Amino acid sequence: MLTAVQINAAKPAAKAYKLADSGGLYLLVQPSGAKLWRYKFRLGGVEGLDALGRFPEVTLAQARQAHGESRRLVAQGINRS
């Protein structure tokens, strides 16, 4: 599970990279320095990706809450993205 310290310490690299949290939630760190919350899931055998916001506008706690809501929808067979 990610911590606020790990998120704040994440620096841009030559290529985008992911910092995993749990259950498909991760922080995508772009070469530009942008930090984007993403939720990767499978629905009916098809991969889906839900954009949950940009850090720091969306905090770790808020991203986890949005992730929980998206997971509940996916469990019901709904893809909101």
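Reading the values: rules and limits
Residues numbered from 1 in each chain as written. Predicted model: local features only at pLDDT ≥ 70, side-chain atom pairs only at ≥ 80, totals over all residues. Heavy atoms only, no water. Helix = DSSP H or I, 4+ residues; strand = E, 2+ residues; numbered from the N terminus. Pairing = 2+ DSSP bridges. Axes fitted to C-alpha atoms, helices over the stretch in contact; angles between N-to-C directions.

Caption draft 1: Representation of unusual backbone geometry within the structure. Residues Phe-55 and Pro-56 are joined by a peptide bond in cis, for which omega reads 10°. With respect to the helices and strands, the residue Pro-56 is situated in the loop between β4 (46-55) and α2 (60-75).

Caption draft 2: Up close: the pairing of strand β1 (residues 17-20). Pairing between β1 and strand β2 (residues 25-29): 4 bridges, direction antiparallel. Looking at the pairing, Ala-20 lines up with Tyr-26 of β2. Between β1 and β2, which pair antiparallel in sequence order, lie 4 residues; one of them, Gly-23, sits at a positive phi of approximately 60°.

Caption draft 3: Spotlight on the sheet that holds β1. If you trace the 4 strands from one edge of the open sheet to the other, you get β1-β2-β3-β4, paired in antiparallel fashion. The open sheet has two edge strands, β1 and β4, and neither has a second partner. Each neighbouring strand pair of the sheet contributes to a mean axis angle of 30°, computed without reference to strand direction.

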